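Structural features, examined
Below are the chains, spelled out letter by letter.
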Amino acid sequence: AAGEIKDEARPDTLAAIEKALQTCRRCPIAELGTNPVMGEGLLDAPLMIVGEQPGDQEDVQGRPFVGPAGQLLDMHLAQAGIDRQGAYVTNTVKHFKYVMRGKRRLHQSPTAKEIDSCRWWVDSERALVKPRLVLALGASAARGVLGRTVSISRARGVPKMLDDGSELWITAHPSYLLRLEGPAREEQEKLFTADLAAVAARLTELV
Ligand code: URA
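Residues numbered from 1 in each chain as written. Predicted model: local features only at pLDDT ≥ 70, side-chain atom pairs only at ≥ 80, totals over all residues.

**Details of the nonpolar core**
Core analysis: the largest hydrophobic core is formed by 41 residues, its most contacted members being Met48, Val50, Leu135 and Ala136. Excluding residues within four positions of it along the chain, Leu135 makes contact with Leu47, Ile49, Val50, Trp169, Thr171 and Val199. (Core = buried A, V, L, I, M, F, W, Y, C linked by C-beta atoms within 7 Å. Buried ≥ 20, exposed ≤ 12 C-beta atoms within 10 Å, placed from the backbone. Contact = placed C-beta atoms within 7 Å.)

So this is what it looks like as structure tokens:
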């Protein structure tokens, strides 16, 4: 089809992915002029954490999960006893998609088509890092890893086997928690805490 990109050979190092991302035009998000944010962490990390896309802060700093959602994630990881430094942290979509509201850049969810275009990169990262366990945060991340849409409420707590034998665990996105207040927030925080505790327990079995 017009505009379709033939799959090239996969980059064979994380550095090669990072370099190739600079000129990626697989989807239109890059036209917004933001910078691709590469995953970060250890090659050979047993745990890969996948978010949706970089936000405003991540775009500015060039690192995943360093803004408000990242701080909430860090707090929960620490509480669950999961060492972020020992994990590989990335996003399913590599560029920040936004609309301007006054002077602020407001997050916009990527479309299924954009997520599917960007799967090439997260698949390439996964092929190199070879994590034993992949933790997808939210529906976009789950689609980015699985290639289809799942419901978080049904998928959470039930690991799925991926093609390479690793396990995919799905939970909510921390930005979702940040948008809630009161009892709804409390309830979702509890579910998130339980999901991370299950992942922490499973990780100790796997490694
Ligand atoms: N939200 C994400 O999904 N990823 C980030 O890196 C930051 C916020």
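**Quick notes on the UniProt feature "domain: Uracil-DNA glycosylase-like" (unreviewed entry) in the chain**
Using the residue numbers shown here, the UniProt feature "domain: Uracil-DNA glycosylase-like" (unreviewed entry) corresponds to residues 38-197. Its end C-alpha atoms 27 Å apart, residues 38-197 is made of 45% helix and 19% strand. (UniProt positions renumbered as here; feature names shortened; annotations may be inferred. Helix = DSSP H or I, 4+ residues; strand = E, 2+ residues; numbered from the N terminus.)

**Remarks on the confidence of the model for the chain**
With 97% of its residues at a pLDDT of 70 or more, the chain shows a mean pLDDT of 96. Interface confidence in the predicted complex, given as ipTM, is 0.93; pTM for the same model is 0.96. (pLDDT = per-residue confidence, 0-100.)

**Description of unusual backbone geometry**
You will see that Phe65, though not glycine, has its phi angle at about 50 degrees, which is positive. Structurally, Phe65 is set in the loop between α2 (56-61) and α3 (68-80). Since 26 C-beta atoms lie within 10 Å of it, Phe65 is described here as buried. The phi torsion at Lys130 lies on the positive side, around 50 degrees, for a residue other than glycine. Note on placement: Lys130 falls in the loop between α4 (112-129) and β6 (133-137). Overall, the presence of 15 C-beta atoms within 10 Å leaves Lys130 in the partly exposed class.

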